[in-house]
Amino acid sequence: MEAILKSNKLLNICYEIRGPIPERARQMEEEGHRIIKLNIGNLANFGFDAPEEVVQDVIRNLANAAGYVDSKGLFQARKAIMHYTQQKNIADVTVDDIYIGNGASELIVMSMQGLLNTGDEVLVPMPDYPLWTAAVSLAGGTPRHYLCDEADGWLPSISDMRAKITPKTRAIVVINPNNPTGALYPDSVLLDIIALAREFGLIIYADEIYDKVLYDGVSHTSIASLADDVLFVTFNGLSKNYRACGYRSGWMIVSGEKHCAKDYIEGLNMLATMRLCANVPSQYAIQTALGGYQSIDDLVCEGGRLAKQRDLAYSMLSAMLGVSVVKPQAALYMFPKLDPEIYPVSDDQQLMLELLQDEKVLLVQGTGFNWPQHDHFRVVFLPNLDDLTDALNRVARFLTQWRKRHGTGEFAAK
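The protein chain has the name Putative 8-amino-7-oxononanoate synthase in an unreviewed UniProt entry, where Deefgea salmonis is given as its organism. The heading Cofactor (unreviewed entry) in the UniProt record of the protein chain holds the text "pyridoxal 5'-phosphate". Comment text from UniProt for the protein chain, heading Sequence similarities (unreviewed entry), reads "Belongs to the class-I pyridoxal-phosphate-dependent aminotransferase family."

1. Describing the overall build of the protein chain
The secondary structure content of the protein chain amounts to 13 helices and 15 strands. Relative to the 2.2 N^0.38 estimate, which gives 22 Å for 414 residues, the radius of gyration of the protein chain is 21 Å and therefore close to what a compact globule would have. The dimensions of the protein chain, computed from C-alpha atoms along their principal axes, are 65 × 60 × 50 Å. For the protein chain, the residues scored as buried account for 57% of the 414 residues in total. Accessible area for the protein chain stands at about 17,300 Å²; split by element, carbon and sulfur atoms hold 50% of it. The positive charge centre, built from 38 side chains, and the negative charge centre, built from 50, are 3 Å apart in the protein chain.

2. Observations concerning the packing of aromatic side chains
Counted by the stated rule, this structure contains 10 aromatic pairs. Seen in terms of ring centroids, Phe-335 and Trp-371 are 6.5 Å apart; in terms of plane orientation they differ by 85°. Their pairing is edge-to-face. Taken together, the residues span a long stretch of sequence, with Phe-335 in the loop between strand 11 (333-334) and strand 12 (337-338) and Trp-371 in the loop between strand 14 (364-365) and strand 15 (377-380) at a distance of 36 residues. For the ring pair Tyr-343 and Trp-402, a centre distance of 6.2 Å and an interplane angle of 40° mean the geometry is tilted. Here the residue Tyr-343 occupies a position in the loop between strand 12 and helix 12 (348-359), and Trp-402 occupies one in helix 13 (residues 385-406), the gap between them amounting to 59 residues. The pair formed by Tyr-343 and Trp-402 is uniform in burial state, with each residue classed as buried.

3. Quick look at the side chain of Asn-370
Positionally, Asn-370 belongs in the loop between strand 14 and strand 15. Only 2.9 Å separates the side chain of Asn-370 from the side chain of Asp-128, close enough to count as a polar contact. Every residue in contact with Asn-370, bar those within four places of it in the chain, is listed here: Met-126, Asp-128, Pro-130, Thr-133 and His-145.

4. Some words on the environment of His-259
By secondary structure assignment, the location of His-259 is in the loop between strand 9 (250-256) and helix 8 (262-274). Of the polar contacts made by the side chain of His-259, one reaches the side chain of Glu-257; its length is 2.4 Å.

5. Observations concerning the nonpolar core
Membership of the largest hydrophobic core comes to 83 residues, with the highest contact counts inside it found for Trp-132, Tyr-205 and Leu-306. For this core, the element with the highest residue contribution is helix 13, accounting for seven residues.

6. With respect to helix 1 (residues 20-30)
Since the α-helix turns once every 3.6 residues, residues separated by three or four places project in the same direction. For helix 1, the full list of buried residues reads Ile-21, Pro-22, Ala-25 and Met-28. Taken around the axis of helix 1, the buried residues stretch over an arc of 110°, which confines them to a single face. Packing partners of the buried residues in helix 1 comprise helix 12, strand 13 (361-362) and strand 14. Downstream of helix 1 by one or two residues, Gly-32 has phi in the positive range, about 105°.

7. Section: the packing of helix 12 against helix 13
Between helix 12 and helix 13, whose axes approach to 10 Å, the crossing angle comes to 115°. Considering the relative orientation of helix 12 and helix 13, their crossing is right-handed. Contacts between helix 12 and helix 13 involve Leu-351, Glu-354, Leu-355, Asp-358 and Glu-359 from the first element and Arg-394, Val-395, Arg-397, Phe-398, Trp-402, Arg-405 and His-406 from the second. Its residues assigned to classes, the contact of helix 12 with helix 13 shows five nonpolar, one polar and six charged.

8. Description of empty space enclosed by the protein
Rolled over the atoms, a probe sized like a water molecule indicates the empty space that remains. Taken as a whole and judged by the stated rule, the model has two cavities of 30 Å³ or more. The computed volume of the largest cavity comes to approximately 50 Å³. Elements with a minimum of two residues in the lining of the largest cavity: helix 3 (75-87), strand 8 (231-237) and strand 9. Partitioning the lining of the largest cavity into residue classes produces four nonpolar, four polar and three charged.

9. Digging into the sheet that holds strand 5 (residues 155-156)
A sheet is described by the order of its strands in space; here eight strands give the open sequence 2-9-8-7-6-3-4-5, paired in mixed fashion. If you trace the sheet from one side to the other, it starts and ends with strand 2 (98-101) and strand 5, each paired once. Sheet topology places strand 3 (residues 121-126) next to strand 4 (residues 142-149); six bridges connect them, and they run parallel. Residue pairing in the sheet places Val-124 in a bridge with His-145 of strand 4.

10. Here's the deal with the environment of His-374
Summarising the element assignment, His-374 is placed in the loop between strand 14 and strand 15. Considering only alpha carbons, one finds His-374 and Gln-349, 25 residues apart in sequence, at a separation of 8.3 Å. Discounting residues that sit within four places of it in the chain, His-374 has contacts with Val-345, Ser-346, Asp-347, Asp-348 and Thr-367. Within polar-contact distance, the side chain of His-374 engages the backbone nitrogen of Asp-348 at 3.0 Å.

Cut-off values and rules
- Residues numbered from 1 in each chain as written.
- Predicted model: local features only at pLDDT ≥ 70, side-chain atom pairs only at ≥ 80, totals over all residues.
- Heavy atoms only, no water.
- UniProt positions renumbered as here; feature names shortened; annotations may be inferred.
- Helix = DSSP H or I, 4+ residues; strand = E, 2+ residues; numbered from the N terminus.
- Rg over C-alpha atoms; globule rule 2.2 N^0.38 Å.
- Buried < 20%, exposed > 50% of the residue type's maximum accessible area, 1.4 Å probe, protein only.
- Areas by Shrake-Rupley, 256 points an atom, 1.4 Å probe, with all protein chains shown as cover.
- Lys, Arg positive; Asp, Glu negative; His and termini not counted.
- Charge placed at Lys NZ, Arg CZ, Asp CG, Glu CD.
- Phe/Tyr/Trp six-rings, centres within 6.5 Å; stacked < 30°, edge-to-face > 60°.
- Polar contact = N/O pair within 3.5 Å; in protein donor to acceptor, adjacent residues only side chain to side chain.
- Contact = heavy atoms within 4.5 Å.
- Core = buried A, V, L, I, M, F, W, Y, C linked by side-chain atoms within 4.5 Å.
- Arc of directions from axis to C-beta.
- Axes fitted to C-alpha atoms, helices over the stretch in contact; angles between N-to-C directions.
- Left-handed = near helix turned anticlockwise from the far one by under 90°.
- Nonpolar A, V, L, I, M, F, W, Y, C, P; charged D, E, K, R; others polar.
- 1 Å grid on protein atoms, 1.4 Å probe; cavity = no way out; pocket = protein on both sides within 12 Å on 5 of 7 lines; lining within 4 Å.
- Points joined across faces, edges and corners; volume = space filled by probe spheres on them.
- Pairing = 2+ DSSP bridges.

What follows is the structure, given as structure tokens:
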């Protein structure tokens, strides 16, 4: 029998967050090694529990969750999401404009499948959350990466975004708060993106899954709240704000210029129907989560656990020779840079593999987020203060040894 090959659609698909290096980490764990995992925002693994009232709602409704429900989701869950859009000042959203999925990830893929023909282009941030690039590619489209400028606090470069627009461009993806950089976009930038979408007739896809994970008293603006003459598709869910990653409960909201998108919306309805419905038990958590006490506020406020861990990670990374990092205003990550004069890295995946093997710390290389240079990596600051200190001390030790082996000039011996 001839070798059975994967689809050509997968040739340009990668998801390094769960790629070959995490697979090597799994093998090392089976060999008895303890690996400190700073590669994925899986909150439950670090002692962040879902709110108890959310858990109880799922448990108490299990008996009612054995059958299929509406393909768009439970009415009461979508009604709660509709009320949330009103709190976010997103206008004219009805229950029928809301789709519940098995995490926002499923809906991201679905939204691209419903839109793109072969060769269509979508503007995706660089660096990005790699699912977006993969979803565009899998749907037959071409991702065009626009620059988020580190020198400008990782804000999108509107001029680069404009330069990447062609007659084939269909949409702009905005990840705000941003993964992997932790940037939070001001209204002025969001309005510039809307103006660009308006000028070229583009859809805006807004990934806002971290909209409550905010530090230093900052606030988040949903881009869809700033206009009604552009089509917006906004994504959110329970995974991050409510520490319920494994529940796989997310939602997608269509708003703005809907009357011009009737055919596209019909396609979304068709795709929603094809998968029958999203998993039902976790949908019973949505109403309580959105309407109840927002315990995430206790974690991100001054003195809260997440805020303290962010500050520690920022301080320790900034103190490392040849490492610079923009302090995140939101989310669970930071995206440090290695000075190429001090760290002449030619293969950042190999660098992360060596770190794993030498120090038992698992990180993701910058190119895994479609960053073009081999000079960044992403840090997840979810471990408690002691474990985070241990992990970052190991990273510092590894970089010192790496400089001695590979460095040039005066920094090689430091």
